[in-house]
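Geometric and topological summary
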Amino acid sequence: MISSALSLFLLRELPFSRFDFPHWQSVLAVSVIGALVGLDPALRAAPDLPPMPLWLTVLLGVALTWSAFGVILAVLRWWMRRGARWDGQGNLSNLVAASWLVPDVLGAGLTAVGVPPLLTLPLWLYSIWVGANALSGAIPKASLGYSLGGILLGLVPAFIVAGLVFAAFGLLLGYVPPPGAAAAG
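For clarity, every value in this text was computed on a predicted model and none was experimentally measured.

As a further point, take the packing of aromatic side chains. We describe a pair of aromatic rings using the distance from one ring centre to the other and the angle between the two ring planes. Evaluated as defined, the whole model comprises seven aromatic pairs. A centroid spacing of 5.3 Å and a plane angle of 85° characterise the contact between Phe9 and Tyr126, whose relative ring orientation is edge-to-face. Taken as a pair, Phe9 in helix H1 (residues 2-9) and Tyr126 in helix H6 (residues 117-138) lie far apart in primary sequence, 117 residues in all. Over the face of the ring belonging to Tyr146 we find Arg85, whose NZ or CZ atom lies 3.6 Å from the ring centre.

One way to put it is that H1 packs onto helix H5 (residues 92-112) with a least axis distance of 8 Å and a crossing angle of 70°. It follows that H1 is roughly perpendicular to H5 by the angle criterion. Facing H1, whose interface residues are Ile2, Ala5, Leu6, Leu8 and Phe9, H5 presents Leu95, Ala98, Ser99, Leu101, Val102, Pro103 and Leu106. Its residues assigned to classes, the contact of H1 with H5 shows eleven nonpolar, one polar and no charged.

Further remarks concern the environment of Ser147. With respect to the helices, strands and loops of the structure, Ser147 is situated in helix H7 (residues 144-173). Sequence spacing of Ser147 and Leu135 is twelve residues, and the spatial spacing of their C-alpha atoms is 6.0 Å. Here Ser147 is in contact with Met80, Ala132, Leu135, Ser136 and Ala142, once residues within four sequence places are set aside.

The rules we used
- Residues numbered from 1 in each chain as written.
- Predicted model: local features only at pLDDT ≥ 70, side-chain atom pairs only at ≥ 80, totals over all residues.
- Heavy atoms only, no water.
- Phe/Tyr/Trp six-rings, centres within 6.5 Å; stacked < 30°, edge-to-face > 60°.
- Helix = DSSP H or I, 4+ residues; strand = E, 2+ residues; numbered from the N terminus.
- Lys NZ or Arg CZ within 6 Å of the ring centre and 35° of its normal.
- Axes fitted to C-alpha atoms, helices over the stretch in contact; angles between N-to-C directions.
- Parallel < 35°, antiparallel > 145°, perpendicular 65-115°, else oblique.
- Contact = heavy atoms within 4.5 Å.
- Nonpolar A, V, L, I, M, F, W, Y, C, P; charged D, E, K, R; others polar.

The following block contains the structure:
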């Protein structure tokens, strides 16, 4: 998986056969990205809330990343089949996980060590480009623009679902300020 992920990061087009590695590798990759997202210092220092323990923010990062991954993958499965662009053959989840691996580990890792989000934004945007390039390379009938559109379309509900996961996580664990606490401060 790592050699495929590095090739994708360098914008090399790869056939679907390169993503026939064991599924546990993509599960591990997405989970590592999620753990790095959870190491973001901003998650532990939310205003008006008690600081969250590190293990809890890591768990939150994994939950947020997996929810976004699932939504984007579901949208892409639907989007890429439109107009008979993709016949459903090939491991789309492995392809998407491999395309996320290098740029997202770099982006989340830099954020975890305190690099400001504005400086990591180019890596996150590049991650979208890498994913679109990976899709168009593996699916010959899907252009780069069409693949980019599918990812951008998937990001909208992914952000909404991730926000709901974040809110539910806070409610379940009591990390929600009491009503009127923000107005009183």
